[in-house]
Amino acid sequence: MGLGTALLEEVEYADGQVTNANLSDYGVPATRDLPRRLTHELIERDGAESHGLGETALPPVPAAIGNALYSLCLHLTDLPMSAERVLAAADAREREAVPQAEAAS
Amino acid sequence: VIVELVLNGRRAELESRAGEALLDALRREPGLLSVRPTCGIGVCGACTVLLDGEPVSACLMLTAQAAGREVTTVEGLPPDDPVPREFGEARAFQCGYCTPGMILTASSLLRERPSPSDEQVAEALGGNLCRCGCYPRIAEAVRRAASA
């Protein structure tokens, strides 16, 4: 899926100790985190080798979600793109928008 | 302690240390390795068993609490239960670690609601984590089992 890497997963530390070492604090995607509709396309290429793909090894997914956010002028450059980081990016967008609005009035 | 219960449809005696979780007792002596240890705190659903038909986390239950009750693991589902077959048909797994818990939860859901909505399926399986991210196929397997 790649959703966990993109949106949720980060090992956190305090004083050298992992503070979210179990699934109660370290969120991984569950059924309710999925989008309603999911489409994908497999592209065949000569000479390409097949390899395993799982939750943690799907690089295009964070990039796709990051680009979707960027299309809303939300510029996130750190993973995961957690709710807190998206909110911070939205605040930054507001701050940048205010001077322009004032200039227009 | 010796705990008497009905395990997969048969009367059984489960030998257990005092204070031992049902998960560990099931894995040790009857060797039911389909009941899987992961988080140990009832979050992941990998150790799900049915207790009198209801899904519970075997890591959070003392063996003694199962005394006189009916415990079902994936091995004890009736042979005509469509859920395991449809999990295979829909290829609803990659590594398979979460599969027994998923099957038991889904099977219990379908006994209660033979035709669940997609929303109800997602709700019911919300406590079973799949690290491979096979959720769309798992939902597909449950839909197929519901219409089987």
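For the structure itself, look to the data block above.
Residues numbered from 1 in each chain as written. Chains lettered and ligands numbered in written order. Predicted model: local features only at pLDDT ≥ 70, side-chain atom pairs only at ≥ 80, totals over all residues. Heavy atoms only, no water.

Caption draft 1: Looking closely at the overall build of chain A. Scanning chain A for helices and strands turns up three helices and two strands. N-terminal to C-terminal, the α/β element order of chain A is α-β-β-α-α. By the burial criterion, 25% of the 105 residues in chain A qualify as buried. Partitioning the contacts of chain A with sequence separation of at least 6, the portion at a separation of at least 24 is 53%. About 8100 Å² of surface is accessible on chain A, with carbon and sulfur atoms providing 53% of the total. (Helix = DSSP H or I, 4+ residues; strand = E, 2+ residues; numbered from the N terminus. Buried < 20%, exposed > 50% of the residue type's maximum accessible area, 1.4 Å probe, protein only. Contact = heavy atoms within 4.5 Å. Areas by Shrake-Rupley, 256 points an atom, 1.4 Å probe, with all protein chains shown as cover.)

Caption draft 2: A look at the nonpolar core. Residues and elements named next belong to chain B. One finds Phe87, Met102, Cys130, Ile138 and Val142 to be the most contacted residues of the largest nonpolar core, which totals 33 residues. Elements with a minimum of two residues in this core: α2 (82-89), α3 (99-112) and α5 (135-147). With six residues, α3 is the single largest residue contributor to this core. Those residues in contact with Met102 that sit more than four places away from it in its chain are Phe87, Leu125, Asn128, Leu129, Cys130, Tyr135 and Ile138. (Core = buried A, V, L, I, M, F, W, Y, C linked by side-chain atoms within 4.5 Å.)

Caption draft 3: A look at the layout of surface pockets. Looking at the largest pocket, its volume works out to about 1600 Å³. Surrounding the largest pocket, 40 residues form its lining, A:Met1, A:Leu38, A:His40, B:Gly133 and B:Pro136 being those nearest its centre. When contributions to the lining of the largest pocket are tallied by element, the ones reaching two or more residues are α2 (60-70) of chain A together with α4 (118-124) and α5 of chain B. With five residues, α5(B) is the single largest residue contributor to the lining of the largest pocket. (1 Å grid on protein atoms, 1.4 Å probe; cavity = no way out; pocket = protein on both sides within 12 Å on 5 of 7 lines; lining within 4 Å. Points joined across faces, edges and corners; volume = space filled by probe spheres on them.)

Caption draft 4: Spatial organisation of the pairing of strand β3 (residues 48-51) of chain B. All names here are of chain B. Of the two faces of β3, the one holding Thr48 and Leu50 and the one holding Val49 and Leu51 are both buried throughout. Pairing geometry for β3 and strand β4 (residues 54-57), over four bridges, is antiparallel. Note that in β4 the partner of Leu50 across the bridge is Pro55. Between the antiparallel neighbours β3 and β4 lie two residues, among them Asp52 with a positive phi of about 50°. One ladder, built from two bridges, connects β3 with strand β5 (residues 70-72); its direction is antiparallel. (Pairing = 2+ DSSP bridges.)

Caption draft 5: Representation of the pattern of salt bridges in the model. Residue and element names in this part refer to chain B. Counted under the stated rule, the structure contains 13 salt bridges over all chains. Between Arg144 and Glu86 there is a salt bridge, with its nearest N and O atoms 3.0 Å apart. Taken together, the residues span a long stretch of sequence, with Arg144 in helix α5 and Glu86 in helix α2 at a distance of 58 residues. For Glu86, a relative accessible area of 8% translates into the label buried. The salt bridge partner of Arg144 is Glu89, with a shortest N-O separation of 4.0 Å. Here Arg144, found in helix α5, pairs with Glu89, found in helix α2; they are 55 residues apart in sequence, far enough to count as distant. (Salt bridge = Lys/Arg side-chain N within 4 Å of Asp/Glu carboxyl O.)

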